[in-house]
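# Survey of secondary and tertiary structure
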Amino acid sequence: MPEGSSRRFPVAVDIRIASDGWRKAMPNVSATLRRAVRAALKDEIAPRETGVSILLTDDAEMRKLNAGWRDKDKPTNVLSFPAETAVDPRNPPDYLGDIALGLATCRREAAEQGKSLADHVVHLTVHGVLHLIGYDHMSEEEANAMEPREVEILATLGIANPYVAVTRRAAPKPVKKPKKAAAARPKRAA
């Protein structure tokens, strides 16, 4: 599809919010994620009805999923579960797969990276969608294909390159108050 196309992308995005913290952390989270999914797929696959499911959960659930599917007993930010082992971009399947996002890890990473939670979650959603259609980053060659694509998609959404470190202004160091000198005590006679 030519760049700058304004066609409506026919993708169904089913979002399940399993942790209420998501609603408080990101108002309009469902609309934000739908926009991210559509942007990620727009120039990647033929315009055909397809679907993606997203689970917004907590770190305890992400830890269970990560342990069960990847043998890593720790929470993670995003997991992708492709429905197909290979996706033909000219003829995508009716259903692409599932993505899960863990709130506490996403919050912590966004804070560490000096980004808004919304921008970080959109990036992770785009990242997850690209995994569903066959992108990966296990090798340098794969990462060199996937990461620039993420950056391009995020730019269409007004989000800065997530792979460039954000320089944060260092917080001023607290000024130490001088200790009060102890009052001289008279020596006791022995």
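Residues numbered from 1 in each chain as written. Predicted model: local features only at pLDDT ≥ 70, side-chain atom pairs only at ≥ 80, totals over all residues. Heavy atoms only, no water.

### Observations concerning the pairing of strand β4 (residues 97-102)
Taken residue by residue, a regular strand's side chains alternate between the two faces of the sheet. A large share of β4 lies buried, amounting to five of its six residues. In terms of strand pairing, strand β2 (residues 50-57) meets β4 through six bridges, oriented parallel. In the strand pairing of β4, Thr-57 is matched with Gly-102. When strand β3 (residues 78-82) meets β4, the two strands line up antiparallel, connected through five bridges. Paired with Phe-81 across the two strands is Asp-98, which belongs to β4. (Buried < 20%, exposed > 50% of the residue type's maximum accessible area, 1.4 Å probe, protein only. Helix = DSSP H or I, 4+ residues; strand = E, 2+ residues; numbered from the N terminus. Pairing = 2+ DSSP bridges.)

### Observations concerning the packing of helix α5 (residues 117-132) against helix α6 (residues 140-156)
Axes are the key here: two packed helices are described by the angle between their axes and the distance separating the axes. Where α5 contacts α6, the two axes come as close as 10 Å, and the packing angle between them is 130°. Between α5 and α6, the angle is such that the two are oblique. Considering how the two elements wind past one another, α5 and α6 form a crossing that is right-handed. Seen from α5, the contacting residues are Val-122, His-123, Val-126, His-127, Leu-130 and His-131; seen from α6, they are Met-146, Arg-149, Glu-150, Ile-153 and Leu-154. A per-class count over the contact of α5 with α6 returns six nonpolar, three polar and two charged. (Axes fitted to C-alpha atoms, helices over the stretch in contact; angles between N-to-C directions. Parallel < 35°, antiparallel > 145°, perpendicular 65-115°, else oblique. Left-handed = near helix turned anticlockwise from the far one by under 90°. Contact = heavy atoms within 4.5 Å. Nonpolar A, V, L, I, M, F, W, Y, C, P; charged D, E, K, R; others polar.)

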